[in-house]
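# Inside the fold
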Amino acid sequence: MAEISLERFQLQFISHQNEKMSYLDGIREALAGGCKWIQLRMKGATDEEVRPIALKVKEWCKEQNATFLIDDRVQLVKELQIDGVHLGKNDMPIAEARKILGDDFIIGGTANTFEDVKAHYEADADYIGCGPFRFTTTKEKLSPILGLEGYREIIQKMKAENIDIPIVAIGGITKEDIPDIMKTGVNGIALSGCILNAKDPASETHDIMEMMEEFR
């Protein structure tokens, strides 16, 4: 399994685009604000469309000592030697991705239940993206929302079964939600719209990074 720095893992930015920002604009702002974990998510795009953006983000992440993952595209991750891949519930199974990538790449998986978490852990995932916390417009097919109680329950069951794998909360999270979510025992927070739609995304990212300090 790949090595994960939990300090770097605490705030993850998942790329999206809106009327004022492209994928690259958003990622550049998140990095400028100090985010150290970037996931490039371009659902519906071709590998040819993703490749030049991924190469630019790889360069930026290297400069900023940030971890860089691509959503879903296992072969592209291997080809471009990106840090890792995040696999959704309808993407390639984690065990199959591990055979292709080996142990030097980070592999994360999406989970909605404790059973999902356990299955990903047994399949040799490096971390779990657990959610959604609440309804989010960035996902077309949404699993049942978890809320704070859902995270508490999953963390409790993990402890009971000695399952030790980093958990990042995801899905419709706002800055105001972060303290309560982190107190459930998760290791990090993944954000998209919260940063992208802010008046000053870099400044918003910086403020969130400072807020996360107390949970280290």
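Residues numbered from 1 in each chain as written. Predicted model: local features only at pLDDT ≥ 70, side-chain atom pairs only at ≥ 80, totals over all residues. Heavy atoms only, no water.

### So, the nonpolar core
Ile-38, Leu-40, Phe-68, Met-158, Ile-189 and Leu-191 are the most contacted members of the largest nonpolar core, which has 62 residues in total. By residue number, the principal contributor to this core is helix α3 (residues 47-63), which donates 6 residues. Non-local contacts of Leu-40, meaning those with residues more than four positions away in its chain, are made with Ser-15, Tyr-23, Ile-27, Val-50, Ile-53, Ala-54, Phe-68, Leu-69, Ile-70 and Asp-71. Counting residues in each nonpolar core, the second largest holds 10 residues, with Trp-37, Ile-106, Val-168 and Ala-190 among its members. (Core = buried A, V, L, I, M, F, W, Y, C linked by side-chain atoms within 4.5 Å. Buried < 20%, exposed > 50% of the residue type's maximum accessible area, 1.4 Å probe, protein only. Helix = DSSP H or I, 4+ residues; strand = E, 2+ residues; numbered from the N terminus. Contact = heavy atoms within 4.5 Å.)

### Side note on the packing of aromatic side chains
In total, this model carries 4 aromatic pairs according to the counting rule given. Relative to Tyr-127, the ring of Phe-9 lies with its centre 5.5 Å away and its plane at 75°, an arrangement referred to as edge-to-face. With Phe-9 in helix α1 (residues 6-9) and Tyr-127 in strand β6 (residues 127-130), the pair connects residues that are 118 residues apart, well separated along the chain. Take Phe-9 and Tyr-127: they sit in the same class, and that class is buried. (Phe/Tyr/Trp six-rings, centres within 6.5 Å; stacked < 30°, edge-to-face > 60°.)

### Thoughts on the sheet that holds strand β7 (residues 167-169)
Pairing in this closed barrel of 8 strands is parallel, and the strands run β1-β2-β3-β4-β5-β6-β7-β8 around the ring. Ignoring which end each strand starts from, the neighbouring axes of this sheet average 25° apart. Taken together, the 3 bridges between strand β3 (residues 67-71) and strand β4 (residues 84-87) define a ladder with parallel strand orientation. In the strand pairing of β4, Leu-69 is matched with Gly-84. Contacts from helix α6 (residues 114-122) reach β5 (106-111), β6 and β7 within the one sheet, and its direction differs from that of β5 by about 160°. (Pairing = 2+ DSSP bridges. Axes fitted to C-alpha atoms, helices over the stretch in contact; angles between N-to-C directions.)

Just distances and angles here, no functional claims.
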